[in-house]
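Remarks on the overall topology
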Amino acid sequence: MKIIRTALILVFFLLPVIIFAREIEITVEDEDLAMPLEGAQVVLRNGQKFTCNAKGIAIVTLPDDKPTIISITYPGYETFKLSIPGADASKNGQIEKFKAAMRLGGIMQGQELVLEAARPESSETRSGRSVAISDRELARTAEIGMIEDVMNSVKLLPGVGYTGMFSATPSIRGGDPTDLMAVLDGFYIERPYHWMGSISIFDPKMVSSARLSHGVFSARYGHTISGLLEITSKSPSPTETELEAAIGTSATSLNLSVPLWGKGGVLFMGKVTYWDTLIWAAQGLSKVTDNETLDAVNSVSTAPYIRSAALAVNYRFTPDFEWRLNAFFGSDGVGADYKTDYSNITDDDVEGMMEMKADYNNYQGFLITGFSASPTPKIALRFSGGVGFLETLTEDYIDNRITAAYNDDFLNLFSSVPQPVREGFGLREGGTYSAPNVNAGIDMENTIFNAQGRFDTDIDLGKGFIFAIGVQELYSMWKLREDISLEFLETRLFDENGESVLKGIDLNRLPQKKREQLERLYNNINYLEAINMNIPNLAIVFPQSFNSNVKNQGFTSSAYGLIEYTTPNKRFGIELGLRVDHLFFQGNDFSFQTAPALNPRLNIDFGILKNYGAIDSLTLTLGSGLFSSINPMLCFFDPNQFGIGDGLDVGDIEVKFNRSWTSVIGTRIDFAQKYSINIEGYYKYCYDLSYITADTSTGAVTPSFNFDGIGKVWGFDLQLQKLESRYWDGWISYTYTWAKYCNPSDGGDGISAGSADELWYYPSFHRFHYFNLVLNIKPLQWLNIALRFGFASGQPRNKVSDEPPKPYPVMTVNENGETVILQKYRRNSWYDENERTPWSFPLDIKLSFFPVNKNGRASMEIYAAAENMMSLFYTPPGRTTFNQYTGKEDQGGSSGSFDLPIPMISFGVKWRY
């Protein structure tokens, strides 16, 4: 009976829609030229919008059969009001057709009217170059969950690697995540993230569109070899006051737009988060759920927070000159205090306490201004400039104390050592040892300041030719102050040549207490060598510290020139450009510069079919080009920052840009039924990649910057999209990526370095497969169901031995100055290209309710969302862990994912006027 009752209720609600909703066809054209106006907006009284296609046609769904008035807008034209009569019963369900002839807005005498088109390369999706996300798509895919973030939408695009819930730094087509460059209205933003990269600073409410360029994009932009994220800020309305307020489970936001005499406006945006309630609920759940990952939430001492505000101003002084200004300030932080009582987590004879404290605070902001001008109908000028800053403060502290008993398998390591010697070190059956108080502290302050300016000119040469030229200057200043103290740093005793690592340490550079500790260790090791006692796998623990105060400056100069040609029928197009980048780097007492990086780029477009049957258009794109960027690690380069080591001679390195040669082939088919298919294949060869190798076997950290890294990446993307319609829309995307890198100067092992026998390796961020399904279902005018589902293959990880943990001795000096041999356990691990983490299956759902408002001036959305829904049914299998002091393996093991093991539930209300 319950099922029948539910079915009747659904029929009751759906029947009025089926009976009364109707579709009409509207054709919009220029009144004088009878030319279809592609992109014209048809707006209903309830605020719903429909966009005209290339033929100027829009299929509009009306909520009922009653008469109504709709508005039609198009840039440069007067707003057109169209009266739609009630449904005509004689049509027998046929679509009624209407026509709107729009006229140019305003009367201008003595001067020529200029209609400003969208800037080339501004917001459109172009096969082989980029994928764009409109404001409407952002509202459905980014405004969901605990944190609304533009990166929520970007991570669903083809070619973008899966990162999980709390990471806004994905790999773009096999590239390093740190190489993704963000641009806001032409202004490059360094590290545009909150919470150490967990989310971006781009709130969907401050963005009108986003575009990810991961192909062979225009020479207008650079500073990346993998992906460019172009953000276009939202502009205030020049004619109406607009207000948008939202309050939800974890955040409150407010947007206010005020017009300026019909020529511009001011838009203010603010957001405040409050995660205290969420943390409190998760902490309560952890007490009744046996989950290691969830238990970590109990360590949160300061709930994650974000405070941000943004300002956008634009003003059109004349039809040919517009000025704009954007400002942003944000702060974020989190605190943790993690305590572990060893006696409560193990049945072994182990006692002790470990406490870790961490405090993180981040501040950033920028101010951008610029203008667009058209002195003649064939010339477009653009200038932008601004300043920005970022300051990050980090404090970490670890205090670890432990007392444990020696195991028999550990004592067997000393079977050849004479009894008096074993007794002297306390190595006896039933004996115990106390590990020294291991303290580690990190106090770090990171400051970045940049100022930049750019000037661009587009010139229409006629007959389909456009010539563009531009110059850019980017100044950056990086400051890094860090004090890192590791009271006891574990390392092996002998290097590869069999020499004691203590012989490579300059004791005179250490404080007296630490120097005395090392001297005592050295004397005891000499004693063991004197009596010919070779203890296998013996390691030592000695004090180490790092202190740095770096101030570097960089001047990156860029220039480009390009020419575009398109035939009148758009059957053929070509773009040929050249970009040149140069870096001058200035440190405290050194400087260097790169050779100019020449980056030619070529794109060719073929319009194979247009308006052929069910196909609106079929295009083929070929592209190839060079790209360059600077590794972020180089920004804080200092030859003397690595403590005990002698540093690095700057004259020994030849600094180079990271380089890549990328080639793309793509095809796109647009169907008349509002479907589109886009397929792209690519190959990318990376060279001159920079990386750091460090030798710690001598007890000193000796760094080496290298610029000979290489990489090979290839793959393909597929996207099937259903464009906006009355009842449903969305897309399906699949990406396959093969990416291997090689660091010729690095002979180490591990998933990020390869090994001596296997120099080519899959990077730690690599995944082979990504799949995304984005679906918006609109069964009723007042109901929208948004669904995001996907799967992603695993990332590389080191293979771990199946054998039980093996013991090894560690020699150190305790707080009383006594030499102690600690009992430790470890498992062997090594790089294996077939070893991967488990697959991931993200699933998010959002229900939005839109109460009907008859006057159309105000609208409301009530929503409820659930992220990470698959955690209810699937937990990625992890590995068993073990106690490093006893070797005992834990029964439960660990999770194979760092996402929270519970769904993230959120709800809220949004109000717009």
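Calculation notes
Residues numbered from 1 in each chain as written. Predicted model: local features only at pLDDT ≥ 70, side-chain atom pairs only at ≥ 80, totals over all residues. Heavy atoms only, no water. Helix = DSSP H or I, 4+ residues; strand = E, 2+ residues; numbered from the N terminus. Buried < 20%, exposed > 50% of the residue type's maximum accessible area, 1.4 Å probe, protein only. Contact = heavy atoms within 4.5 Å. Areas by Shrake-Rupley, 256 points an atom, 1.4 Å probe, with all protein chains shown as cover. Phe/Tyr/Trp six-rings, centres within 6.5 Å; stacked < 30°, edge-to-face > 60°. Patch = residues over 30% accessible without salt bridge, like charges linked within 9 Å, V, L, I, M, F, W, Y side chains within 5 Å. Salt bridge = Lys/Arg side-chain N within 4 Å of Asp/Glu carboxyl O. Pairing = 2+ DSSP bridges. Axes fitted to C-alpha atoms, helices over the stretch in contact; angles between N-to-C directions. pLDDT = per-residue confidence, 0-100. Core = buried A, V, L, I, M, F, W, Y, C linked by side-chain atoms within 4.5 Å.

It is worth spelling out the overall build of the chain at this point. Within the chain one finds nine helices and 42 strands. Residue burial in the chain is summarised as follows: out of 913 residues, 49% are buried. Taking the contacts inside the chain whose residues are at least 6 apart along the sequence as the reference set, 70% of them involve residues at least 24 apart. Looking at the chain as shown, the accessible area adds up to about 42,500 Å², and 58% of this sits on carbon and sulfur atoms.

Our next topic: the packing of aromatic side chains. Applying the stated criterion across every chain, the model contains 33 aromatic pairs. Considering the side-chain rings of Phe328 and Phe366, the 5.4 Å spacing of their centres and the 20 degrees angle between planes classify their relative orientation as stacked. With Phe328 in strand E19 (residues 321-341) and Phe366 in strand E20 (residues 350-376), this residue pair connects regions lying 38 residues apart in the sequence. Judged by relative accessible area, Phe328 falls into the buried class, the value being 7%.

Taken together, Ile247, Trp782, Leu847, Phe849, Phe850, Val852, Met860, Ile862, Val909, Trp911 and Tyr913 make up a surface patch of nonpolar side chains, about 930 Å² in accessible area. Every element with two or more residues in the nonpolar patch is listed here: strand E40 (843-849), strand E41 (859-867) and strand E42 (904-912).

Let's shift gears to the pattern of salt bridges. Taken as a whole, this structure holds 28 salt bridges when the rule is applied. In this structure, the salt-bridge partner of Glu833 is Lys740, at a minimum N-O distance of 2.7 Å. Taken together, the positions of Glu833 in the loop between strand E39 (829-830) and E40 and Lys740 in strand E32 (residues 728-742) put the pair 93 residues apart, joining distant regions of the chain. The exposure class of Glu833 is partly exposed, given its relative accessible area of 29%. Look at Lys740 and you get buried, because its relative accessible area is 11%.

For the rest of this paragraph, the subject is the environment of Thr73. Looking at the secondary structure, you find Thr73 in strand E5 (residues 68-73). The partly exposed category is assigned to Thr73, whose relative accessible area is 29%. Distance in space between the C-alpha atoms of Thr73 and Gln41 is 5.2 Å, their sequence separation being 32 residues. In this structure, Thr73 is in contact with Ala40, Gln41, Thr79 and Met102, ignoring residues within four places of it in sequence.

On to the side chain of Arg173. Residue position: Arg173 is located in the loop between helix H3 (150-154) and strand E9 (181-184). Not counting residues within four places of it along the chain, the set of residues in contact with Arg173 comprises Gly159, His214, Gly215, Val664, Glu680, Tyr682, Lys684, Val713, Asp717 and Thr737.

A separate point is the side chain of Lys205. Within the element layout of this structure, Lys205 appears in the loop between strand E12 (199-200) and strand E13 (207-213). The class for Lys205 is buried, based on a relative accessible area of 5%. Excluding residues within four positions of it along the chain, Lys205 makes contact with Glu143, Glu148, Lys234, Glu244, Ala246, Ser253, Asn255, Met269 and Lys910.

Glancing now at unusual backbone geometry. Backbone geometry places Asp688, a non-glycine residue, at a positive phi of 55 degrees. The residue Asp688 is located in strand E30 (residues 675-695) in this model. The phi dihedral of Asn868 is positive, around 60 degrees, even though this residue is not glycine. Assignment of secondary structure puts Asn868 in the loop between E41 and E42.

A few words on the pairing of strand E7 (residues 96-102). Only one face of E7 is buried: it carries Glu96, Phe98, Ala100 and Met102, and the other face, with Lys97, Lys99 and Ala101, is open. Inspection of the sheet shows strand E1 (residues 22-30) paired to E7 by seven bridges, in the parallel sense. Within the sheet, the bridge partner assigned to Glu29 lies in E7 and is Ala101.

A few words now on the sheet that holds strand E14 (residues 228-233). Reading across the sheet, the five strands line up as E8-E13-E14-E9-E10 and stay open at both edges, with mixed pairing between neighbours. Two strands lie at the open edges of the sheet, namely strand E8 (130-133) and strand E10 (187-189), each paired on one side alone. In this sheet, adjacent strand axes meet at a mean angle of 25 degrees when their direction is disregarded. Note that E9 and E10 share three bridges and pair antiparallel. Bridging from a neighbouring strand, Val183 pairs with Tyr188 of E10.

By the element assignment, Asp65 lies in the loop between strand E4 (57-62) and E5. For Asp65, a relative accessible area of 33% gives the class partly exposed. Distance in space between the C-alpha atoms of Asp65 and Ile84 is 9.8 Å, their sequence separation being 19 residues.

Here the chain averages 80 in pLDDT, while 78% of its residues score no lower than 70. Highest mean pLDDT in the chain belongs to strand E25 (residues 572-586) (95); lowest belongs to helix H1 (residues 2-20) (39). Note on residues 642-648: pLDDT is under 50 here. Beyond four places in sequence and across chains, it has 22 contacts. A low-confidence stretch, residues 748-757 stays under pLDDT 50, and its non-local contacts, those more than four residues away or across chains, total 24 contacts.

Below, the discussion takes up the nonpolar core. One finds Val150, Phe202, Ile231 and Phe366 to be the most contacted residues of the largest nonpolar core, which totals 35 residues. If sequence neighbours within four positions are ignored, Phe202 has contacts with Asp149, Val150, Ala182, Ile189, Pro192, Val207 and Ile231.

Spatial ordering of the open sheet is given by E4-E1-E7, a layout of three strands whose pairing is mixed. Strand pairing shows two members of the sheet lacking a second neighbour, E4 and E7, which therefore form its edges. Within the sheet, the average angular offset between the axes of one strand and its neighbour, ignoring direction, is 30 degrees. Here E1 runs beside E4; their pairing, made up of six bridges, is antiparallel. When the sheet's bridge partners are listed, Ile26 is paired in E4 with Ala58.

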